[in-house]
Amino acid sequence: MTNAELFEKAKKLMPGGVSSPVRAFKAVGGEPIIVSKAQGSRLWDVEGKEYIDFLMSWGPLILGHAHPRVVRAIEEQARRGLSYGITNEHEIKLAELVVDSMPSVQMVRFVSSGTEATMSAIRLARGYTGRKYIVKFDGCYHGHADSLLVSAGSGVATLGIPGTPGVPEEIASLTLVLPYNNPAALEEAFEKYGEQIACVIVEPVAGNMGVVLPREGFLERLRNLTLKYGALLIYDEVITNFRLSRGGAQAYFGIDPDITCMGKILGGGMPLGAYGGKREIMEKVAPEGPIYQAGTLSGNPFSMVAGIATLTQLFEENPYERLEKLTQRLTEGISRILSHKGIPHRINRIASMFTVFFTEEEVYDYETARRSDRELFGRFFRALLREGILIPPAQFEAWFLSTAHTEEDIDRALEKIERAVSSL
Ligand code: KE4
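All of the points below concern the structure found in this document. Every value quoted in this text rests on a predicted model; they were computed, and no experiment measured them.

A closer look at the overall build of the protein
- Each helix and strand in the protein was counted, giving 14 helices and 16 strands.
- A globule of 424 residues ought to have a C-alpha radius of gyration of about 22 Å, and the protein, at 21 Å, matches this closely.
- C-alpha atoms of the protein, sized along the principal axes, occupy 55 × 55 × 45 Å.
- Put simply, the protein has 424 residues, and 57% of those count as buried.
- Counting every atom, the protein has about 17,700 Å² of accessible surface; 51% of that belongs to carbon and sulfur.

So, in structure tokens, the structure goes:
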């Protein structure tokens, strides 16, 4: 069957024909592909077409697709059972790896997705502080829990409005949505609501408005204000954990949160999320404390062994330097190609994640990101796909490299990108 035939069938069975909206390619146009297999830096669709993959499943695959060590770990565990519903030794091993990687994480609780991690962290912060307001930033995405699917109200430091039908305004109005990288808005919100704010949740490096880096002093201000008003600081490191460094963004910038949400690389491609933090906070989580959170497949041995194999391999390779250089080779090449064609662009990069924006101005928040030329991005995406390059099918996402990407991959990719851009 062709991509199109399978997608037609999928659309009859699943809303939009997908298990997650972005996979329907609505933001970029054109027909979605259906994947048949992937290996290393490559991915094939059901028609047998090969792609060099810079989506890498939205971030988990820092070792590339189907890394032998991860596959072996999963094969061995499969024969010992997929889920027990009772504690297994692998949970303890992975918890140790996490706690040893981030000093601010003294205890950790495993869940099955990034959404569960952030949803639980918010509940924990509200339960721990006894307060009800939370703060998030416009353009940051933390999964689809009700209190996090909230759009910015009009004006700064006003209470949120539902970001989607199904979220009651009573819930949305407990979320304050502020502009990212805007200390003044932060000050104003805390002056207005300070003692009532349970927590601030932030992507310490934003990946969901496209890659946007924290400006000098922004995270520091966030840390100081939350301490001053007794609010908890939650880092959503679902993308950045083990991506920016072994210790994630908190090690990279040297500013620790109270609670860290984890996912993606943590599970190496298997369903896995986690939240963790200081002992005095985590001890409030059931059954030790009163704040309830649970999960049938939480800590299942299958996801655990995938995470252990991924992190162990990653820490042995310590590839961060090499990934930095390889990613720079790609972004500099893309910039050369676009400049040569006279196409205005900005590339925001940190470590092995980056985004290409078609704009003249610096992209430092959701407003500036949204002013980029998304129609051109759609044409860029489709031209790349034709050339056999897969990038995220949406402007406000990050491209990812892995240890499976080679210099030859980058050079081949640049040839293809050159051809694609010439066709724009
Ligand atoms: P999941 O529930 O999708 O595992 O994680 C939610 C989440 C939480 N925090 C951050 C910073 C995230 O980036 C995500 C999920 N990321 C999106 C795209 N960047 C996943 C892709 C999708 O939604 O299909």
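What about the sheet that holds strand 1 (residues 35-39)?
- On the basis of which strands lie adjacent, the open sheet formed by 4 strands has the order 1-2-3-15 and mixed pairing. Each having just a single partner strand, strand 1 and strand 15 (389-390) make up the two edges of the open sheet.
- The strands that helix 14 (residues 407-422) touches are strand 2 (42-45), strand 3 (50-53) and strand 15; relative to strand 3, the one it contacts most, it runs at about 110 degrees.

Considering the site of the ligand
- Near the ligand, the surroundings consist of 16 residues, among which S20, T115, N208, D236 and E397 are the closest.
- A distance of 3.1 Å is found between a nitrogen atom of the ligand and a side-chain nitrogen or oxygen belonging to K264.
- Between E397 and the ligand, the recorded distance is 2.8 Å, taken from a side-chain N or O atom to a nitrogen atom.
- In isolation the ligand has 540 Å² of accessible area, and contact with the protein removes 84% of it.
- Considered class by class, the residues forming the shell around the ligand number 5 nonpolar, 7 polar and 4 charged.

Comments concerning the nonpolar core
- Core analysis: the largest hydrophobic core is formed by 66 residues, its most contacted members being F54 and L266.
- With 9 residues, helix 10 (residues 301-317) is the single largest residue contributor to this core.
- Shared between two domains, this core holds at least three residues of each, these being domain 1 (3-66 + 319-422) and domain 2 (68-316).
- Ignoring any residue separated from it by four or fewer positions in sequence, one finds F54 in contact with L330, I389, L390, I391, P392, W399, F400, L401, H405, I410 and A413.
- Membership of the second largest hydrophobic core comes to 31 residues, among which are C140, L186, L219 and L225.

Section: the sheet that holds strand 13 (residues 346-350)
- The strand order across the open sheet built from 3 strands is 13-14-16, with neighbouring strands paired in antiparallel fashion. Both outer strands of the open sheet, strand 13 and strand 16 (399-400), are each paired with one neighbouring strand and no more.
- Here strand 14 (residues 353-357) pairs with strand 16 via 2 bridges, running antiparallel. When the bridges of strand 16 are listed, F354 appears paired with W399.

Overview of helix 11 (residues 320-340)
- Between the first and last C-alpha of helix 11 there are 30 Å, a value that for 21 residues agrees with the 30 Å anticipated at 1.5 Å per step.
- Among the residues of helix 11, those classed as buried are Y320, L323, L326, T327, L330, T331, G333, I334, I337 and L338. Each buried residue of helix 11 lies within a common arc of 160 degrees when the element is viewed along its axis, so the set occupies one face. Of the exposed residues in helix 11, those oriented more than 90 degrees away from the buried face are E321, K325, R336 and H340.
- Buried residues along helix 11 sit in contact with helix 10, strand 13, strand 14, strand 16 and helix 14.
- Positive backbone phi, at 70 degrees, marks G342, one or two positions downstream of helix 11.

Some remarks on the pairing of strand 3
- Across 3 bridges, strand 2 lies against strand 3 in antiparallel orientation. Paired with R42 across the strands is I52, a residue of strand 3.
- A loop of 4 residues connects strand 2 with strand 3, the two strands running antiparallel in sequence, and G48 in this loop sits at a positive phi of about 85 degrees.
- Bridge count for strand 3 against strand 15 is 2 bridges, and the pairing is parallel. Within strand 15, the residue paired with D53 across the bridge is L390.

Brief notes about the environment of M119
- Note on placement: M119 falls in helix 4 (residues 114-129).
- Residue M119 is classed as partly exposed on the basis of its relative accessible area of 32%.
- Separated by 93 residues in sequence, M119 and K26 have C-alpha atoms that sit 27 Å apart.

What to know about unusual backbone geometry
- Backbone torsion omega between A286 and P287 reads 10 degrees, so that peptide bond is classified as cis.
- Mapped onto the elements of the fold, P287 is located in the loop between helix 9 (279-282) and helix 10.
- Notably, N181 is not glycine yet its phi reads approximately 60 degrees, a positive angle.
- Inspection of the secondary structure assignment puts N181 in the loop between strand 8 (175-178) and helix 6 (183-193).
- Phi at F242 is positive, roughly 65 degrees, even though this residue is not glycine.
- Mapping F242 onto the fold places it in the loop between strand 10 (232-236) and helix 8 (248-253).
- Taking relative accessible area as the criterion, F242 reaches 0% and is therefore assigned buried.

Parameters and conventions
Residues numbered from 1 in each chain as written. Predicted model: local features only at pLDDT ≥ 70, side-chain atom pairs only at ≥ 80, totals over all residues. Heavy atoms only, no water. Helix = DSSP H or I, 4+ residues; strand = E, 2+ residues; numbered from the N terminus. Rg over C-alpha atoms; globule rule 2.2 N^0.38 Å. Buried < 20%, exposed > 50% of the residue type's maximum accessible area, 1.4 Å probe, protein only. Areas by Shrake-Rupley, 256 points an atom, 1.4 Å probe, with all protein chains shown as cover. Pairing = 2+ DSSP bridges. Contact = heavy atoms within 4.5 Å. Axes fitted to C-alpha atoms, helices over the stretch in contact; angles between N-to-C directions. Near = heavy atom within 4 Å. Polar contact = N/O pair within 3.5 Å; in protein donor to acceptor, adjacent residues only side chain to side chain. Nonpolar A, V, L, I, M, F, W, Y, C, P; charged D, E, K, R; others polar. Core = buried A, V, L, I, M, F, W, Y, C linked by side-chain atoms within 4.5 Å. Domains from an automatic or database assignment. Expected span 1.5 Å × (residues − 1). Arc of directions from axis to C-beta.

Without other data, these values stay purely geometric and don't point to any function.
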